[in-house]
Amino acid sequence: MEYYCSYQERCHIEVSEKLRSFILNSNERDHIIVHLIESNFLNEERFASIFSISKFHQKKWGKIRIKNELKARKISDYLVTKALKEIPADEYETTFDHLAEKHWETITESNALKKRKKFCDYLLRKGWESERVYEKVKELEQ
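None of the values given here were measured: they were computed from a predicted structure.

Quick notes on the rules
- Residues numbered from 1 in each chain as written.
- Predicted model: local features only at pLDDT ≥ 70, side-chain atom pairs only at ≥ 80, totals over all residues.
- Heavy atoms only, no water.
- Phe/Tyr/Trp six-rings, centres within 6.5 Å; stacked < 30°, edge-to-face > 60°.
- Helix = DSSP H or I, 4+ residues; strand = E, 2+ residues; numbered from the N terminus.
- Buried < 20%, exposed > 50% of the residue type's maximum accessible area, 1.4 Å probe, protein only.
- Salt bridge = Lys/Arg side-chain N within 4 Å of Asp/Glu carboxyl O.
- 1 Å grid on protein atoms, 1.4 Å probe; cavity = no way out; pocket = protein on both sides within 12 Å on 5 of 7 lines; lining within 4 Å.
- Points joined across faces, edges and corners; volume = space filled by probe spheres on them.
- Nonpolar A, V, L, I, M, F, W, Y, C, P; charged D, E, K, R; others polar.
- Lys, Arg positive; Asp, Glu negative; His and termini not counted.
- Polar contact = N/O pair within 3.5 Å; in protein donor to acceptor, adjacent residues only side chain to side chain.

A.B. asks: Sorry, what's going on with the packing of aromatic side chains here?
C.D. replies: Each aromatic ring pair is described using two quantities: the centre-to-centre distance and the angle formed by the ring planes. For the structure on display, the rule yields nine aromatic pairs. Considering the side-chain rings of Y92 and W128, the 4.6 Å spacing of their centres and the 35° angle between planes classify their relative orientation as tilted. With a gap of 36 residues between them, Y92 in helix α7 (residues 89–106) and W128 in the loop between α8 (112–125) and α9 (130–141) connect regions that are remote in the sequence. By the burial criterion, Y92 is buried, and W128 matches it. Ring centres of F96 and W128 lie 5.2 Å apart, and the angle between their planes is 50°; this geometry places the pair in the tilted category. Highlighted residues: F96 in helix α7 and W128 in the loop between α8 and α9, separated in sequence by 32 residues. Here F96 and W128 have matching classes, each one buried.

Below is the structure:
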């Protein structure tokens, strides 16, 4: 389990699910998790931080999607908030603008309403804030 946690950052839920696949009783699973935490192989704060930054950089996810994915992994609200604060605001703005403009150019829909819907759906699915998306679509339509 140390190797499992060392080659990729893991959260408690992922480790628990992996341990369930082994034939262990709950005491043994708890003992292993405690050992991993004490040995610093398992750290939820570090996981949340790395997860949020990497999903933002690699998949261009917005804060809403990152927040929802962390909550699905049962990360505390405090750690989610702390991890999202680590995303630089200026880089967040720049990434959104670049992603939005790039995607707007790739949509070949001739119907303006359908194009707007495809654009908004794409960015909302990626977890970008709706106000930001709607302001950008108005800006790009002009």
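Having seen the structure, we can now continue with the description.
A.B. asks: How do you make sense of the pattern of salt bridges when you look at a structure like this?
C.D. replies: Side-chain pairs of opposite charge can arise whenever the charged atoms involved come near each other. All told, the structure shown has 14 salt bridges when counted by the stated rule. A salt bridge links R132 to E93; the nearest nitrogen and oxygen atoms lie 2.7 Å apart. Of the two residues, R132 sits in helix α9 while E93 sits in helix α7, which places them 39 residues apart along the sequence. One salt bridge connects R132 with E129, and the closest N-O pair in it is separated by 3.1 Å. You can call E129 buried: its relative accessible area is 16%. Via salt bridges that share partners, E14, R65, E69 and R73 belong to a single interconnected network.

A.B. asks: Hey, could you run me through empty space enclosed by the protein in this one?
C.D. replies: A probe matching the size of a water molecule, rolled over the atoms, marks out where space remains unfilled. Tallied over the entire structure, the rule returns one cavity of 30 Å³ or more. Put simply, the largest cavity is a space of about 40 Å³. Along the walls of the largest cavity sit E45, A48, S49, L79, K82, A83 and E86, which together make up its complete lining. For the lining of the largest cavity, the per-class residue count stands at three nonpolar, one polar and three charged.

A.B. asks: How should the side chain of R10 be read in this particular structure?
C.D. replies: One can find R10 in the loop between α1 (2–6) and α2 (12–20). Lacking a salt bridge, the buried R10 has E14 as its closest oppositely charged neighbour, with an N-O distance of 4.5 Å. A polar contact of 3.0 Å, which involves the side chain of R10, links it to the side chain of Y7.

The quantities given are spatial measurements derived from coordinates; they are silent on function.
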